[in-house]
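In case you want the letters, here they are:
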Amino acid sequence: MKFYASGLLFDNDGVLVDSHEAAMAAWEQWCKEYAPHVNWNRPENAGMRAEDKVREWIASPGLFDEANNRINQLEQDTAHETVPLGGAVDLLHSLTPGTWTVCTSANKNLGRARLAAAGLPIPAELVTADDVELGKPNPDPYLLGASRLGLAAEECVVFEDAEAGVSSGRAAGVAMVIGVSERALETSAEIVIRDLSGVTFVSGQLYI
């Protein structure tokens, strides 16, 4: 399949990198301490900012800063366990700087740490949870990602694995959202691919 686009916008966790085991260890510990009633490992929680889940799950708003700092530290401590997903290393290293970026729900330090642990380049235009007022499923992350590339959202293609991210891309008005991984079959992405193996992007032409 061939598509045309001016820029590519990637989610990170579940698309470029596998951080699930690392995140699960961090969140299981956090839930024991702050929200024992919560089962973090559910599809509807994927792709959302930690601070938004902390705000939703803590019993008292007065605990927010403490609880949010705690999950940030726990996730940072496990970031080194992150590994690349299929095709991500080859694809990202082949892309021309300024034509792509990552729009992650992780905070700045965690997002950069996970990319580095997986051996992936960190784009100058990286968008993290710290950069937007509203995270996924709101359109802000992908609108900002396109803007940092100097593009309109409708000129970009998004790669996502979770419904929150797919909804974010669609709300931003991107040209197309491509689902990545089996989990993406449960989303509203236009097409779904197993991973990024064999994907190329040259001179505005995206080959799947």
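Let me begin by describing the structure that accompanies this report. Note on numbering: residues in each chain are counted from 1, in written sequence order. Local features in a predicted model are, by the rule used here, given only for residues with pLDDT of at least 70; side-chain atom pairs are given and counted only at 80 or more, and totals for whole chains, interfaces and linings are based on all residues. The side-chain values count all of the structure's non-hydrogen atoms but skip hydrogen atoms and water molecules.

1. Description of the pattern of salt bridges
Cut-off, in case you're wondering: By salt bridge we mean one thing: a side-chain nitrogen of Lys or Arg within 4 Å of a carboxyl oxygen of Asp or Glu. Here a strand is any run of E in DSSP of at least two residues, a helix any run of H or I of at least four, and the numbering for each starts at the N terminus.
All chains considered together, the criterion is met by twelve salt bridges. A salt bridge links arginine 183 to aspartate 161, with the nearest nitrogen and oxygen atoms 3.1 Å apart. Placement of the pair is arginine 183 in the loop between strand E7 (176-180) and strand E8 (191-193) and aspartate 161 in the loop between strand E6 (156-160) and helix H7 (163-172), with a sequence separation of 22 residues. Of the charged contacts in the structure, one is a salt bridge between glutamate 190 and arginine 170, with a shortest N-O distance of 3.8 Å.

2. Quick word on H7
Rule in force here: Exposure categories follow from relative accessible area, calculated using a 1.4 Å probe and restricted to protein chains: below 20% of the type maximum is buried, above 50% is exposed, and the middle band is partly exposed. Two residues qualify as a contact provided that any one of their heavy atoms is within 4.5 Å of a heavy atom in the partner residue.
Those residues of H7 not exposed but buried are Ala164, Gly165, Val166, Ser168, Gly169 and Ala172. Residues of H7 that are buried make contact with helix H6 (140-148), E6 and E7. Phi turns positive one or two residues past the end of H7, at glycine 173, with a value near 85 degrees.

3. Overview of the sheet that holds E7
Stated precisely, the cut-off is as follows: The pairing criterion for strands is at least two bridges between them, as found by DSSP. Simply put, an axis is a line fit to the C-alpha atoms, just over the touching stretch for a helix, and the angle between two N-to-C directions goes from 0 to 180 degrees.
Pairing is parallel in the open sheet, where five strands are placed in the order E5-E2-E6-E7-E8. Every other strand in the sheet has two partners, leaving strand E5 (100-102) and E8 as the edge strands with one partner each. Going across the sheet, the axis of each strand differs from the next one's by a mean of 25 degrees, ignoring polarity.

4. Notes on the environment of tyrosine 34
Note the following rule: Distance and chemistry together define a polar contact, namely a pair of N or O atoms within 3.5 Å, with one atom able to donate a hydrogen and the other to accept it when in protein, and with adjacent residues in sequence counting only for side-chain atoms on both sides.
Among the secondary structure elements, tyrosine 34 is positioned in helix H1 (residues 20-34). Classification of tyrosine 34 as buried rests on a relative accessible area of 17%. Placed 30 residues apart in sequence, tyrosine 34 and phenylalanine 64 show a C-alpha to C-alpha distance of 10 Å. Side-chain polar atoms of tyrosine 34 contact the side chain of glutamate 66, separated by 2.8 Å.

5. Comments concerning the pairing of E6
Heads up, the condition is: Here is how to tell: hold the view so the strands point away, follow the path from the first strand over the helix to the second, and if it runs clockwise the crossover is right-handed.
Taken across its five residues, E6 has five buried, putting it largely inside the fold. Because side chains alternate across E6, one face comprises the buried residues Cys156, Val158 and Glu160, and the other comprises Val157 and Phe159, equally buried. Pairing of strand E2 (residues 7-10) with E6, which is carried by four bridges, proceeds in the parallel orientation. Within E6, the residue paired with leucine 8 across the bridge is valine 157. Pairing of E6 with E7 involves four bridges; the strand directions are parallel. Note on E7: the bridge partner recorded for glutamate 160 is glycine 179. Each parallel crossover has a hand, and the one from E6 via H7 to E7 is right-handed.

6. Topic: a negative patch on the surface
Stated formally: Patch definition: residues above 30% relative accessible area lacking any salt bridge, with like charges linked at up to 9 Å and the nonpolar side chains Val, Leu, Ile, Met, Phe, Trp and Tyr linked at up to 5 Å. For the area figures, the Shrake-Rupley method with a 1.4 Å probe applies, and any residue is considered shielded solely by the protein chains shown. His is not counted, nor are the chain ends, whereas Lys and Arg count as positive and Asp and Glu as negative. Think of each charge as sitting on NZ of Lys, CZ of Arg, CG of Asp or CD of Glu.
On the surface, Asp18, Glu21, Glu28 and Glu81 cluster together to form a negatively charged patch. One can find glutamate 28 in helix H1.

7. What about the packing of aromatic side chains?
Our working rule: Aromatic rings from Phe, Tyr and Trp, with only the six-membered ring used for Trp, were paired whenever their centres fell within 6.5 Å, and each pair was classed as stacked if the ring planes differed by under 30 degrees, edge-to-face if by over 60, and tilted otherwise.
Across all of its chains, the model carries six aromatic pairs by this definition. For the pair phenylalanine 10 and tryptophan 100, a centre-to-centre distance of 6.3 Å together with 75 degrees between the ring planes defines the contact as edge-to-face. Residue phenylalanine 10 is located in strand E2, and its partner tryptophan 100 is located in strand E5; the two are separated by 90 residues in the primary sequence. The exposure class of tryptophan 100 is buried, given its relative accessible area of 4%. Taking the centre distance of 6.4 Å and the plane angle of 45 degrees together, the rings of tryptophan 30 and tryptophan 57 count as tilted. Highlighted residues: tryptophan 30 in helix H1 and tryptophan 57 in helix H2 (residues 50-57), separated in sequence by 27 residues.

8. Some remarks on the sheet that holds strand E10 (residues 205-207)
Judged by pairing direction, the sheet is antiparallel, and its three strands sit side by side in the order E1-E10-E9 without closing on themselves. With one partner strand each, in any of the chains shown, strand E1 (2-4) and strand E9 (200-202) form the two edges of the open sheet. Strand-to-strand twist across the sheet, computed as the mean angle between neighbouring axes with direction ignored, equals 20 degrees. Bridge count for E9 against E10 is three bridges, and the pairing is antiparallel. In the sheet register, threonine 200 faces E10, and the bridge partner there is tyrosine 207.

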